[in-house]
Amino acid sequence: MKILVINAGSSSLKYQLLDMDDESVIAKGNCDRIGIGGHIKHSTYDGREVDVDCDFPTHTEAFEKLVEVLTSGDAAVIKSMDEVNAVGHRVVHGGEVYNKTILVTDEVIKQIEDLKDLAPIHNPPNATAIRACRKVFPASTPQVAVFDTAFHQTMPEKAYMFGLPYECYEKYGIRKYGFHGTSHRFVSQALADAMGKDIKDLKIVSCHLGNGSSITAVEGGKSIDTTMGFTPLDGVIMGTRSGCVDASAVTFIQNKMGLSPNETSDLLNKKSGFLGVSGVSSDARDLGAAAADGNKRAKLALEMLRYEIKKYIGSYAAVMNGLDAVLFTGGIGENSDDLREDVCSNMEYLGIKLDKSVNKGLHGKLVKISAPDSKVEVWVVPTNEELLIARDTKALVEGK
Ligand code: ADP
C-alpha cells in the first residue's frame, strides 16, 4: 500500500510518499515560498533530485507540481496518482471536535476551516491542501486527517482549564489544547516498544525540543498534561516564541510600547524566545557557538530552556505520582548532548542518572542514555510524524 503524507504550512507544502509494506520512504520533498514565488525540492529513495523555482500563487499550484514530479520526469517514482492508495494530511487544530484521526468528508473540511480562529496560520492552508488534493485524486481515494491536538484531548479538565471567567471557555473555546500531539504519540509508543513494555504501564515525560518545543506527561499512553496551551506559544522558551509569560507583563508591554494586539502577538511569537533574549539568533546551534565565545545572553537563553525543562519533568513526575522514563526528541532533543546532560544533572532524587559517555554525539538514533542503575530510564527517540500519519491512514483505510 502506497500512502502520500501531506503537511501544509502557511507558505509551504511538505510531502512524503511511503510504501507501507515496509514503511520505507519512496520520495519526499517540500514546495515552499507559496504566495511569494515558489520552489520545489524533491528527492527519491535512490538519490534522484528535483530542485527548481516554480510559480506557486497558492497551495493548489504547489500540489499540482508535486503530482507532476512524482509521476513524470527524471525523478518520477510512480506512473500515475492511481498508484497512491490513500492520503494522510497533517492538520494542526482539531479543537474539541476531533480526538482522533478521521476520514475527510466535506463536513470535516468545513470544520477544519471553522476552527481557523484557533489556528489562523495553520488551519486555512491545511484545508486548502485537502481541497487541492481532492481535485487531483478520484473520490474513491481515501483522504485522512491527523490532528496535532487530538492526542491531548485526554487531558482532564483541571489540566486544560485556565483560571479565567468560565464564559471565555464557553463562548470562545479558551482552554489549553496542546500541540505536537502526533510527535508525542509516536515517540512515547516507540519508547515503550524499545523498553519492551506495554505503554499502558508507563509514566513518561516526553520532551519535544525544536524551533517549537513542548513537554508532555504521558500516563498509560495518554496525554494528561502538556506545556503548550491555547496556542503553541505557551510553555518553555523556544526559537522565537516567549513560552509562558505572566499575562500582566503582556498588557503592560502593550501599554508602554503602544502596540496593537497583532503587534503584541508578533513580539511574543516572532521576536522573543532565544532570539529575543540573546539578540543573536533563534537557532540553538548559533546560541551554543555564541555562548562558547563568551556571549552571556546566549548562554542565559540556553540556561533558561534547560531550567524550564527540569521544572516540567519534576512537576509532571509529581502529578503522575512517579516516573518510568524521560525521552528527548526534536532537533534539539535528538542532537544536543549538552542540553540532555545539563537537564539530567542533579536529578538523582528523582531517580534520574545519565550515562554521560553513551549520551555523547548521538544524531537521529534511538538510544537509552541513562546509567544501568538509573531508576528512571532516559532515552533519545527520533520523531517521525510522517510515519505516524501514514500508519494512522493505513489503519483507518483498512478499518482497524
Ligand atoms: P522544528 O520545530 O522547526 O521542526 P527542529 O525539530 O528541526 O525544528 O529543530 C530545530 C532546532 O534544532 C534548532 O534550534 C537547531 O539549532 C537545533 N539543532 C539541530 N541540530 C543541532 C545540534 N547538533 N546541536 C544542537 N542543536 C541542534
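Going by the structure above, here's the rest.
Residues numbered from 1 in each chain as written. Predicted model: local features only at pLDDT ≥ 70, side-chain atom pairs only at ≥ 80, totals over all residues. Heavy atoms only, no water.

Remarks on the site of the ligand
- Residues in contact with the ligand, as listed here, are G210, N211, G212, D283, A284, R285, G330, G331, I332, N335, S336 and H363.
- Between the ligand and N211 there is a distance of 3.0 Å, counted from an oxygen atom to a side-chain nitrogen or oxygen.
- Contact between the ligand and G331: an oxygen atom at 2.8 Å from a main-chain N or O atom of the residue.
- In the complex, the protein chains occlude 67% of the 580 Å² of accessible area that the ligand would expose alone.
- Those elements giving two or more residues to the shell around the ligand turn out to be α10 (284–292) and α12 (330–335).
- Top contributing element to the shell around the ligand by residue count: α12, with 4 residues.
- Grouping the amino acids of the shell around the ligand by side-chain chemistry returns 2 nonpolar, 8 polar and 2 charged. (Near = heavy atom within 4 Å. Polar contact = N/O pair within 3.5 Å; in protein donor to acceptor, adjacent residues only side chain to side chain. Areas by Shrake-Rupley, 256 points an atom, 1.4 Å probe, with all protein chains shown as cover. Helix = DSSP H or I, 4+ residues; strand = E, 2+ residues; numbered from the N terminus. Nonpolar A, V, L, I, M, F, W, Y, C, P; charged D, E, K, R; others polar.)

What about helix α2 (residues 106–114)?
- Considered for burial, the residues of α2 that qualify are V108, I109 and I112. End-on view of α2: buried residues confined to an arc of 100 degrees, all on one side of the axis.
- Each element contacted by the buried residues of α2 is listed here: β6 (86–91), β7 (102–103), α3 (123–136) and β8 (143–147). (Buried < 20%, exposed > 50% of the residue type's maximum accessible area, 1.4 Å probe, protein only. Arc of directions from axis to C-beta. Contact = heavy atoms within 4.5 Å.)

Notes on helix α1 (residues 59–71)
- With 13 residues, α1 extends 18 Å from end C-alpha to end C-alpha; this agrees with the ideal 18 Å at 1.5 Å per step.
- Inspection of α1 places H59, T60, A62, F63, K65, L66, V67, V69 and L70 among the buried residues, and these make up the whole buried set.
- Downstream of α1 by one or two residues, G73 has phi in the positive range, about 85 degrees. (Expected span 1.5 Å × (residues − 1).)

Brief notes about the pairing of β6
- Counted residue by residue, β6 has 6 buried out of 6 residues, so it is predominantly covered.
- Residues of β6 alternate between two faces, with A86, G88 and R90 on one and V87, H89 and V91 on the opposite face, all of them buried.
- Where strand β1 (residues 2–8) lies against β6, 5 bridges are found, and the strand directions are parallel. In the sheet register, N7 faces β6, and the bridge partner there is R90.
- Sheet topology places β6 next to β8; 5 bridges connect them, and they run parallel. The partner of V91 across the bridge, within β8, is F147. (Pairing = 2+ DSSP bridges.)

Regarding the pattern of salt bridges
- Scanning the entire structure with this criterion turns up 22 salt bridges.
- As a salt-bridge pair, E96 and R175 come within 2.7 Å of each other at their nearest N and O atoms. Of this pair, E96 sits in the loop between β6 and β7 while R175 sits in the loop between α5 (166–172) and α6 (181–195), placing them 79 residues apart in sequence.
- For E96, a relative accessible area of 39% puts it in the partly exposed group.
- When its relative accessible area of 1% is taken as the criterion, R175 is described as buried.
- The partner of K353 in a salt bridge is D373, with the nearest N and O atoms 2.6 Å apart. In this pair, K353 sits in the loop between α13 (337–344) and α14 (356–359) while D373 sits in the loop between β13 (367–368) and β14 (377–380), placing the two residues 20 residues apart along the sequence.
- Looking at D373, the relative accessible area reads 53%, which means it is exposed.
- One continuous salt-bridge network, built from bridges that share partners, spans E341, K356 and K360. (Salt bridge = Lys/Arg side-chain N within 4 Å of Asp/Glu carboxyl O.)

Notes on the sheet that holds β13
- If you walk across this open sheet you meet the 6 strands as β11-β10-β9-β12-β14-β13, and the pairing is mixed. Lying at the two open borders of the sheet, with one neighbouring strand each, are β11 (222–226) and β13.
- Inspection of the sheet shows β13 paired to β14 by 2 bridges, in the antiparallel sense. When the sheet's bridge partners are listed, V367 is paired in β14 with V380.

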